[in-house]
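Geometric and topological summary
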Amino acid sequence: MSHGYLSPTGLEIAFVLIGLVTLGSGLLVVTVKNLVHAALWLLVCMGSIAVEYLLLTAELLAWIQVLIYAGAIIVLFLFGLMLTRAPIGPTEELNVRHRWPALIVGLGAAGTLVTVIVQAYQHTWFDPRGAVPLGSGEALGTQLFKYWVLPFEVLSVLLLAALVGAIVLSRRGRDTEEAEA
Amino acid sequence: MHAVYPLVLGALLFAIGLYGVLARRNAIAVLMAIELLLNAVTLNLVSFSAILRDRYGMGQIFTLFIITIAAAETGLGLAIVLLVYRQRATADLGEQRALAEPVEPVTADELSPRNVEAEVAR
């Protein structure tokens, strides 16, 4: 039994507070009128989810989340916003027409999922500190290359296909423009 | 820790992402909301991995796979959005009514050589 930095109650309090940060920044991502600000709030959301992973003792995943989501994907989004000349300032027409049906669907999904989860897991308690050895790099790497080698290799093929696909998609336009110019 | 905290957080984040996917009209904003959906799922997987302590490490390994797939999906999605923007001069999903490439030029300065050639070919 390893000794954690936080007491169990402190762990819960920290989890709930950072969860509130996650939910608030997530709400801002889908509601704010400025798209660049939405991308930056997504950065806050991803960072706080990485902290939640740390509190749930998935340390390697927390760093991977910071590296890939907060590092790479946000930069991709900002480049995409720049290249599509998305409106930098606040835009009124970002979400007007479908707001109310979407709100109903979102609230319905939230109500259903929360009801089911609370009904199913209201008597379940767990000690995250007991799961510390599961989330280390050593344990995760051992399991990955012991039990999940085939999905891992298939995933590398998928990444290669995505790379080639992105290159083909972004080069085709330039080629035809050059050919027709 | 009570198991309800991380699971409810994942469910609420999923609902927020669902609202974003349905309500946003800009394609890149929709991609951001899809990232929120994927993160809600991975949060659920990590919390179940901490609750159940599976000896195969399924929750965390699947989270790793989902993060990789999300990176590939974002790259490809942004490439498609850029291609659509280059051909139609808008990334607004409400404007995309047809799958075919547009024949009518959008405006004078968005006149691409492909559109001109299509007009000439008629």
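Bear in mind the structure is a predicted one, so any value in this text is a computation, not a measurement.

Helices and strands together make up the secondary structure of chain B, namely 4 helices and 0 strands. Listed by position from the N terminus, the elements making up chain B come as α-α-α-α. For chain B, contacts bridging at least 24 residues in sequence account for 46% of all contacts bridging at least 6.

In this numbering, the UniProt entry assigns the feature "transmembrane region" (unreviewed entry) to residues 13-32, 39-56, 62-81, 102-121 and 147-169 of chain A. Annotated as 96% helix and 0% strand, the span residues 147-169 of chain A places its first and last C-alpha atoms 35 Å apart.

This next bit is on the confidence of the model for chain A. When pLDDT is averaged along chain A, the result is 85, and 85% of the positions lie at 70 or above. When mean pLDDT is taken per element in chain A, helix α2 (residues 35-55) of chain A scores highest with 93 and helix α6 (residues 149-180) of chain A scores lowest with 81.

The next subject is unusual backbone geometry. Notably, T57 of chain A is not glycine yet its phi reads approximately 70°, a positive angle. Mapped onto the elements of the fold, T57 of chain A is located in the loop between α2 and α3 (59-83). Phi is positive for R53 of chain B, which is not a glycine, with a value near 55°. Structurally, the position occupied by R53 of chain B is in the loop between α2 (27-52) and α3 (58-88). A residue is classified by how many C-beta atoms lie within 10 Å of it, and R53 of chain B, with 14 of them, is partly exposed.

Rules used throughout
Residues numbered from 1 in each chain as written. Chains lettered and ligands numbered in written order. Predicted model: local features only at pLDDT ≥ 70, side-chain atom pairs only at ≥ 80, totals over all residues. Helix = DSSP H or I, 4+ residues; strand = E, 2+ residues; numbered from the N terminus. Contact = placed C-beta atoms within 7 Å. UniProt positions renumbered as here; feature names shortened; annotations may be inferred. pLDDT = per-residue confidence, 0-100. Buried ≥ 20, exposed ≤ 12 C-beta atoms within 10 Å, placed from the backbone.

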